[in-house]
Amino acid sequence: LWQSYLYEVNKVSNLTELQTVKVKFLGKKGEVTLALKSLKDLPPDIRPEVGQKINAVKKLIEEDLEKKEQELAQKALAKKLEQEAIDVTLPGFPLPLGKLHPLTVVQHRVVEIFTSMGFAVATGPEIEKDYYNFEALNLPKEHPARDMQDSFYITEEVLLRTHTSPVQVRVMEKFAPKLPIRIISPGKVYRRDDDATHSPMFAQCEGLAVDRNIRFSDLKGVLLTFIKELFGPKTKMRLRPSYFPFTEPSAEVDISCVMCGGVGCKVCKGSGWLEILGSGMVHPRVLEMAGYDSSQVTGFAFGMGLERIAMLLYGIDDLRLFYDNDLRFLQLF
Ligand code: PHE
């Protein structure tokens with residue numbers, strides 16, 4: 001009996017199987033039970049001895065089953081714990097992190113360079129009065145140069161600003177006749193353009209300095225410093241005579257074609273020069289309208305499109321990419 005029990009119990013690997021063995025030996029029709037029942041068929045003189053032996057085996061089996069049961073229960077528990085264990089030292093799943101938009105990066109950089117030269121950041125409304133966007137900038141109603149900036153009008157007197165120059169007018173108007181003014185005005189502007197290099201909404205950063213004795217050479221020095229900071233110290237600058245109604249004289253600013261910034265150095269094709277901003281000495285009439293005495297005070301101003309700068313720095317050829325919100329593009333930066 002004990003041998004056959006051992007044979008059976010050694011095959012057991014879980015609690016259910018153990019239960020089967022238990023029934024097989026100790027159950028109502030189990031082998032031990034049957035053996036005890038069959039005692040009555042034995043000759044009376046050996047019954048006590050055989051009975052004692054069977055009971056001893058029964059006890060052994062009971063004890064052994066109990067021990068095995070405990071062991072198996074413990075094993076099962078250990079296995080369960082192991083399966084459910086959480087390794088808190090494992091690295092977590094990476095969370096997708098947001099990034100700054102390339103235009104924001106460029107704007108921050110431009111702002112950083114000018115603030116390091118003492119300029120403060122000024123902002124103003126994107127829905128602007130005709131007066132601030134044009135009139136106060138020496139662009140009266142019928143001025144042909146208004147065509148340079150195809151505008152989105154909301155009413156006859158209100159429009160989406162076509163440049164951030166109105167911010168400069170607002171600052172001067174508020175500040176005059178106090179001196180000095182040194183501000184830059186980064187922000188969104190709107191024009192009725194839409195192609196690979198023009199978008200109906202784009203970003204500008206303009207600058208203004210007003211004080212006694214501000215000269216064209218001050219403008220040149222500030223812009224050259226800016227350009228070398230942004231595109232690399234070897235970059236050269238070229239000024240070309242130009243026209244803006246709000247500056248006199250006016251100059252278009254070009255940079256030489258080797259640029260080191262953004263993603264490494266690039267050499268551009270063509271004439272060897274790239275136009276990047278407009279500038280000039282603030283027109284006396286603009287100073288007067290804002291409340292300054294133009295016989296005592298002068299100023300310079302400049303303005304640039306940030307998309308254009310970002311396109312040069314990163315080698316991007318279609319400006320609309322900045323506004324498509326395609327993650328494959330945005331993740332490159
Ligand atoms: N406001 C001009 C534009 O948007 C840029 C500019 C600013 C030019 C200041 C000269 C001086 O095109």
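Before going into details, it helps to say that this report is about the structure given with it. (Residues numbered from 1 in each chain as written. Predicted model: local features only at pLDDT ≥ 70, side-chain atom pairs only at ≥ 80, totals over all residues. Heavy atoms only, no water.)

1. Notes on the packing of aromatic side chains
Aromatic ring pairs are reported here in terms of the distance separating the ring centres and the angle at which the planes meet. The final tally for this structure, using the stated rule, is 12 aromatic pairs. Judged by centre distance (6.4 Å) and plane angle (75°), the ring pair of Phe-119 and Phe-302 falls under edge-to-face. With Phe-119 in the loop between helix 5 (102–116) and strand 1 (120–121) and Phe-302 in strand 11 (residues 298–305), this pair connects stretches of sequence that are 183 residues apart. An aromatic cluster of three or more residues is present, and its members are Phe-114, Phe-119, Phe-226, Phe-300 and Phe-302. Over the face of the ring belonging to Tyr-132 we find Arg-170, whose NZ or CZ atom lies 4.2 Å from the ring centre. (Phe/Tyr/Trp six-rings, centres within 6.5 Å; stacked < 30°, edge-to-face > 60°. Helix = DSSP H or I, 4+ residues; strand = E, 2+ residues; numbered from the N terminus. Lys NZ or Arg CZ within 6 Å of the ring centre and 35° of its normal.)

2. Points about the pairing of strand 10 (residues 273–282)
Most of strand 10 is tucked away, with 8 of its 10 residues classed as buried. As paired strands, strand 7 (residues 247–256) and strand 10 are joined by 8 bridges and run antiparallel to one another. Along strand 10, the bridge assignment pairs Ala-251 with Ser-279. As paired elements, strand 10 and strand 11 share 5 bridges and run antiparallel to each other. Within strand 11, the position partnered with Ser-279 by the bridge is Phe-302. (Buried < 20%, exposed > 50% of the residue type's maximum accessible area, 1.4 Å probe, protein only. Pairing = 2+ DSSP bridges.)

3. Topic: the nonpolar core
In this structure, Val-110, Phe-114, Phe-226, Phe-231, Phe-300, Phe-302 and Met-304 are the most contacted members of the largest nonpolar core, which totals 42 residues. Every element with two or more residues in this core is listed here: helix 5, strand 5 (201–211), helix 8 (216–231), strand 7, strand 10, strand 11, helix 10 (306–314) and helix 11 (327–330). (Core = buried A, V, L, I, M, F, W, Y, C linked by side-chain atoms within 4.5 Å.)

4. Quick look at the environment of Arg-240
Along the polypeptide, Arg-240 turns up in strand 6 (residues 237–244). Taking relative accessible area as the criterion, Arg-240 reaches 28% and is therefore assigned partly exposed. Separated by 39 residues in sequence, Arg-240 and Ser-279 have C-alpha atoms that sit 10.0 Å apart. Excluding its chain neighbours within four sequence positions, the residues that come into contact with Arg-240 are Ser-250, Ala-251, Glu-252, Asp-254 and Glu-275. (Contact = heavy atoms within 4.5 Å.)

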